[in-house]
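What the coordinates show
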Amino acid sequence: DNHDIISLKLYQLTVERTPEEEKRDREVFLPVVDNLKLPGMEAPLEPMSGLALFLIVFFSLVAIVFAIVIGIILYNKWQEQSRKHFY
């Protein structure tokens, strides 16, 4: 199994600190992760504009028609070549 380490809590027991040092170094003992970005929590993408959607659909249809025309031409050439083998 794979396990992810989420956090570690470490203590240094051999150091004696004054109350002023405790206040100054409080971030060392209580870390803050307010700006942490979790994986998969990205901001949602903006929706596409109407023009962008139209262009994508238009060029997709043009590409499909182009592929169909090329396929028909190649199929006709293949049929002509196969007919020539019998003569």
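Computed from a prediction, not measured in an experiment: that's the story for all the values here.

So, on to the overall build of the protein chain. Across its full length, the protein chain carries 3 helices and 0 strands. Counting helices and strands in the order they occur from the N terminus, the protein chain gives α-α-α. Burial status across the protein chain gives 1% buried among its 87 residues.

Before going further, it helps to spend a moment on the UniProt feature "transmembrane region" (unreviewed entry) in the protein chain. The UniProt entry lists residues 51–75 under the feature "transmembrane region" (unreviewed entry), expressed in the numbering used here. Secondary structure content for residues 51–75 is 100% helix and 0% strand, while the C-alpha to C-alpha distance between its ends is 36 Å.

For the structure on display, the rule yields 3 aromatic pairs. Arranged with centres 5.3 Å apart and planes meeting at 70°, the rings of phenylalanine 58 and phenylalanine 59 form a pair that is edge-to-face. Residue phenylalanine 58 is classed as partly exposed on the basis of its relative accessible area, which comes to 40%. A network of ring pairs unites the aromatic residues Phe54, Phe58 and Phe59 as a single cluster.

There is a patch of nonpolar side chains on the surface, built from Met48, Leu53, Ile56, Val57, Leu61, Ile64, Ile68 and Ile72 and spanning about 770 Å² of accessible area. Relative to the elements of secondary structure, leucine 61 occurs in helix 3 (residues 50–84).

When pLDDT is averaged across the protein chain, the result is 80; 72% of the residues are at 70 or more. The secondary-structure element of the protein chain with the lowest mean pLDDT is helix 2 (residues 26–29), recorded at 60, while helix 3 shows the highest, at 92.

Rules behind the numbers
Residues numbered from 1 in each chain as written. Predicted model: local features only at pLDDT ≥ 70, side-chain atom pairs only at ≥ 80, totals over all residues. Heavy atoms only, no water. Helix = DSSP H or I, 4+ residues; strand = E, 2+ residues; numbered from the N terminus. Buried < 20%, exposed > 50% of the residue type's maximum accessible area, 1.4 Å probe, protein only. UniProt positions renumbered as here; feature names shortened; annotations may be inferred. Phe/Tyr/Trp six-rings, centres within 6.5 Å; stacked < 30°, edge-to-face > 60°. Patch = residues over 30% accessible without salt bridge, like charges linked within 9 Å, V, L, I, M, F, W, Y side chains within 5 Å. Areas by Shrake-Rupley, 256 points an atom, 1.4 Å probe, with all protein chains shown as cover. Salt bridge = Lys/Arg side-chain N within 4 Å of Asp/Glu carboxyl O. pLDDT = per-residue confidence, 0-100.

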